[in-house]
Amino acid sequence: MANRNVPISRRQLYIGGEWREPVKKNRIPIINPATEEIIGDIPAATAEDVDIAVEAARKAIARDDWGSTTGAQRAKYLRAIAAKVLEKKSVLATLESLDSGKTLFESAADMDDVAGCFEYYADLAEALDSRRKTPVNLNSDSFKTYVLREPLGVVGLITPWNYPLLMAIWKVAPALAAGCAAILKPSELASVTCLELGEICREIGLPSGALNILTGLGPEAGGPLASHPHVDKISFTGSGPTGSKIMTAAAQLVKPVSLELGGKSPIVVFDDIDNLDIAAEWTLFGIFANTGQVCSATSRLIVQESIASAFLDRLLKWTKNIKISDPLEEDCKLGPVVSAGQYEKVLKFISNAKSEGATILYGGKRPQHLKKGYYVQPTIITDVNTSMEIWKEEVFGPVLCVKTFKTEEEAIELANDTKYGLAAAVMSKDVKRCERFTKAFQTGIIWINCSQPTFNQLPWGGKKRSGFGRDLGEWGLESFLNIKQVTEYTSAEPWAFYKSPSRN
Ligand SMILES: NC(=O)C1=CN([C@@H]2O[C@H](COP(=O)(O)OP(=O)(O)OC[C@H]3O[C@@H](n4cnc5c(N)ncnc54)[C@H](O)[C@@H]3O)[C@@H](O)[C@H]2O)C=CC1
Ligand SMILES: C[N+](C)(C)CCCC(=O)O
Ligand code: NA
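Computed from a predicted model, the values in this text were never measured in an experiment. (Residues numbered from 1 in each chain as written. Chains lettered and ligands numbered in written order. Predicted model: local features only at pLDDT ≥ 70, side-chain atom pairs only at ≥ 80, totals over all residues. Heavy atoms only, no water.)

### Here's the deal with the overall build of the protein chain
Right, on to step 1. Each helix and strand counted, the protein chain has 16 helices and 22 strands in total.
Right, on to step 2. Each principal axis of the C-alpha distribution contributes one length, and for the protein chain these read about 90 × 55 × 40 Å.
Right, on to step 3. Within the protein chain, buried positions represent 55% of all 504 residues.
Right, on to step 4. For the protein chain, the proportion of contacts with a sequence separation of at least 24, taken over those separated by at least 6, is 73%.
Right, on to step 5. Accessible surface computed for the protein chain: about 21,500 Å², of which carbon and sulfur atoms make up 52%.
Right, on to step 6. Charged side chains of the protein chain number 58 positive and 60 negative; the gap between the two group centres comes to 3 Å. (Helix = DSSP H or I, 4+ residues; strand = E, 2+ residues; numbered from the N terminus. Buried < 20%, exposed > 50% of the residue type's maximum accessible area, 1.4 Å probe, protein only. Contact = heavy atoms within 4.5 Å. Areas by Shrake-Rupley, 256 points an atom, 1.4 Å probe, with all protein chains shown as cover. Lys, Arg positive; Asp, Glu negative; His and termini not counted. Charge placed at Lys NZ, Arg CZ, Asp CG, Glu CD.)

Below, the structure written as structure tokens:
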């Protein structure tokens, strides 16, 4: 087992390049979901601290050392942060696991992805210098025009607990690459690694105020950020109800928002697949990775009737083989869910499914060998109908529900039978069929013969109630840029719209 005695530093808010005690001095306990123990505390920001952080961000933009940087200069900061993340990878990964319950293997992979995301946006920041000013030819002798890509300004980044540092970095890296000044508000359930990012920024000498980190409760710290008149945009990842509140607050000031709100994504498995084991493993990975706490989790298995029983049989064999343990143990593949609240919520979804008439084919309980911690067995639910809660609502836990289909049309209808539209997967060796599904799925992300692989270069986001806007790729950068057109009259001739008074 990895060292659980990695010290958790007692941090303050990171504002204007310094550690600063919250004005009201409140703190929130850090709970390790594997042991239910309090292992430290984080500062709790309120509206007063938000005001101070917004002021620090505005100053950073007004100062040359941040506001007048080139993309190439900002790329140097991003690369320095990436290098520090890799240098501290083992400590950061352990902290992520202690705080969120994520398996150490996944935490370590997240830290690689965090560094990779900073490096990717460093490249894009450099490339931005040549794209900063784009001439637009009007075929006119009288006008010279161009378009500028400029930083949007002060941006608020409100992020969830399922990938505590990675989800923050999907927004922090492009915001800094663009030249914005950012205020990050991570989830109160898992903020430790985001505070460590503050220390990294201090160590590499990121200009003060370019990134500010405010930990705290949603309504107390996130709310004032969303409604702050000097915050130019909010980029949010989290639950639908909170996304809706943030959009409502932002709407009062016509503040743009970008919302990434999770889903109830389908994985459709056809009987023409060559290898049941390969499909079974992707199905497992799609719902049990990160203990199912993934916005894009493929939580609805839609399997062709002709192979349903063979496929479920194989799925069960793979599921029984998953090691459930303390996330720091070697080879752990399923840790606890993040909090007591999430644990209760997941178990309630399972008991509601049972009382609505579904069958718990596997799991559904706390694993017997674990007496403490917020553990839930990997769970597979069958005999599901489309009016059941388990078919419709996002569980955000290790719970897969299963329906069978006969025809392709039926599969498409079932796949799109959801208010969400984040991701969808299809498993089939028929290329034409995969193309038909790619067109038919009402989502922003399509996986063919896999589920969940994610790349920095590709846009990430959904439609319908999964939200709008895109993280990652060039789209993630555009989301933090203001597009400014410049039109210059270059003719020596008068405009001659009005009759000139001099000729009267
Ligand atoms: N789509 C996704 O990636 C995620 C979905 N969820 C879903 O949401 C459920 C609830 O989890 P929560 O942690 O409560 O998610 P949440 O959506 O409430 O929290 C996400 C972030 O929003 C902040 N927040 C909460 N209320 C706010 C407000 N009024 N104004 C501004 N910011 C606010 C939180 O502090 C956190 O930083 C989960 O059970 C899960 O089903 C949770 C996390 C991530
Ligand atoms: C695809 N994955 C698992 C790397 C990240 C999913 C991000 C999310 O839950 O929002
Ligand atoms: Na925690």
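### Structural notes on the UniProt feature "active site" (unreviewed entry) in the protein chain
Right, on to step 1. Mapped onto this numbering, the UniProt entry annotates "active site" (unreviewed entry) at Glu260.
Right, on to step 2. If near-sequence neighbours (up to four positions away) are discounted, Glu260 is found in contact with Phe236, Thr237, Gly238, Cys295, Leu422, Trp460, Gly461 and Ser466.
Right, on to step 3. Reaching out from Glu260, the side chain makes a polar contact with the backbone nitrogen of Gly262 at a distance of 3.3 Å. (UniProt positions renumbered as here; feature names shortened; annotations may be inferred. Polar contact = N/O pair within 3.5 Å; in protein donor to acceptor, adjacent residues only side chain to side chain.)

### Things to note about the sheet that holds strand β13 (residues 298-304)
Right, on to step 1. The mixed open sheet is built from seven strands, whose spatial order is β14-β15-β16-β13-β12-β18-β19. Each of the sheet's edge strands pairs with one partner strand only, and the pair in question is β14 (359-362) and β19 (445-448). Across this sheet, the average inter-strand angle for adjacent strands is 25°, counted without regard to direction.
Right, on to step 2. Here three bridges tie strand β15 (residues 379-382) to strand β16 (residues 399-405), and the two strands are oriented parallel to one another. Following the sheet pairing, Ile380 is matched in β16 by Leu400. (Pairing = 2+ DSSP bridges. Axes fitted to C-alpha atoms, helices over the stretch in contact; angles between N-to-C directions.)

### Focus: the confidence of the model for the protein chain
Right, on to step 1. Overall, the predicted model of the protein chain reaches an average pLDDT of 97, with 99% of residues at or above 70.
Right, on to step 2. In the predicted complex, the global pTM is 0.97; the interface-specific ipTM is 0.95. (pLDDT = per-residue confidence, 0-100.)

### Overview of the packing of aromatic side chains
Right, on to step 1. Scanning all chains against the criterion turns up 15 aromatic pairs.
Right, on to step 2. Following the ring pairs from residue to residue traces out a cluster consisting of Phe270, Phe405, Phe437 and Phe441.
Right, on to step 3. The lysine or arginine in question, Arg300, covers the ring of Trp391, its NZ or CZ lying 4.5 Å from the ring centre.
Right, on to step 4. We note Lys333 situated over the ring of Phe105; from NZ or CZ to the ring centre the distance is 5.8 Å. (Phe/Tyr/Trp six-rings, centres within 6.5 Å; stacked < 30°, edge-to-face > 60°. Lys NZ or Arg CZ within 6 Å of the ring centre and 35° of its normal.)

### Looking at the side chain of Asp110
Right, on to step 1. Relative to the assigned elements, Asp110 resides in helix α5 (residues 104-131).
Right, on to step 2. Owing to a relative accessible area of 5%, Asp110 belongs among the buried residues under this scheme.
Right, on to step 3. Reaching out from Asp110, the side chain makes a polar contact with the side chain of Lys102 at a distance of 3.0 Å.
Right, on to step 4. Beyond its immediate stretch of four places on either side in the chain, Asp110 contacts Lys102, Tyr163 and Leu166.

### Re the coordination of the sodium ion (ligand 3)
Right, on to step 1. With distances of 2.3 to 2.6 Å, the protein atoms coordinating the sodium ion (ligand 3) are Ile31 (O), Asp99 (O), Asp99 (OD) and Leu189 (O).
Right, on to step 2. Counting along the primary sequence, the residues that act as donors to the sodium ion (ligand 3) give the motif I-x67-D-x89-L. Here Leu189 lies in the loop between β8 (181-185) and α7 (192-204) and Asp99 lies in helix α4 (residues 89-100), a separation of 90 residues in the sequence.
Right, on to step 3. Given a relative accessible area of 34%, Leu189 falls into the partly exposed group. (Donors = N, O, S within 2.8 Å, 3.2 Å for Na, K, Ca; no water.)

### Topic: the domain arrangement of the protein chain
Right, on to step 1. What the domain assignment lists for the protein chain is domain 1 (13-26 + 35-261 + 466-487) and domain 2 (266-448).
Right, on to step 2. Each partner contributes residues to the interface: domain 1 has 19 residues there, and domain 2 has 25 residues.
Right, on to step 3. Both faces considered, domain 1 and domain 2 share a buried interface measuring about 1,900 Å² in area, 58% of it formed by carbon and sulfur atoms.
Right, on to step 4. Its largest share of buried area at the contact with domain 2, domain 1 owes to Glu36, Trp161 and Ser466, together 31% of the area lost on that side.
Right, on to step 5. Notably, a salt bridge pairs Lys372 with Glu36, separated by 3.6 Å at the nearest N-O pair.
Right, on to step 6. Summed over the shared surface of domain 1 and domain 2, the number is eight residue pairs in polar contact (both at pLDDT 80 or more).
Right, on to step 7. When contributions to the side of domain 1 that touches domain 2 are tallied by element, the ones reaching two or more residues are α4 and α5.
Right, on to step 8. The biggest single contributor to the side of domain 1 that touches domain 2 is α4, with four residues.
Right, on to step 9. Its residues assigned to classes, the side of domain 1 that touches domain 2 shows six nonpolar, eight polar and five charged. (Domains from an automatic or database assignment. Buried area = accessible area lost by both parts, 1.4 Å probe. Salt bridge = Lys/Arg side-chain N within 4 Å of Asp/Glu carboxyl O. Nonpolar A, V, L, I, M, F, W, Y, C, P; charged D, E, K, R; others polar.)

### A short note on the pairing of β15
Right, on to step 1. Residues Thr379 and Ile381 of β15 are buried on one face, and the alternating residues Ile380 and Thr382, pointing to the opposite face, are buried as well.
Right, on to step 2. As defined by bridge partners, β14 adjoins β15 across three bridges and the pair is classed as antiparallel. Note on β15: the bridge partner recorded for Thr359 is Thr382.

### Observations concerning the site of ligand 1
Right, on to step 1. Taken together, 27 residues are adjacent to ligand 1, and Trp161, Lys185, Glu188, Ser239 and Lys345 come closest.
Right, on to step 2. Taking Gly218, its main chain carries an N or O atom lying 3.4 Å from an oxygen atom of ligand 1.
Right, on to step 3. At 3.1 Å, a backbone N or O of Gly238 approaches a nitrogen atom of ligand 1.
Right, on to step 4. In the complex, 88% of the free accessible area of ligand 1, which totals 810 Å², lies under the protein chains. (Near = heavy atom within 4 Å.)

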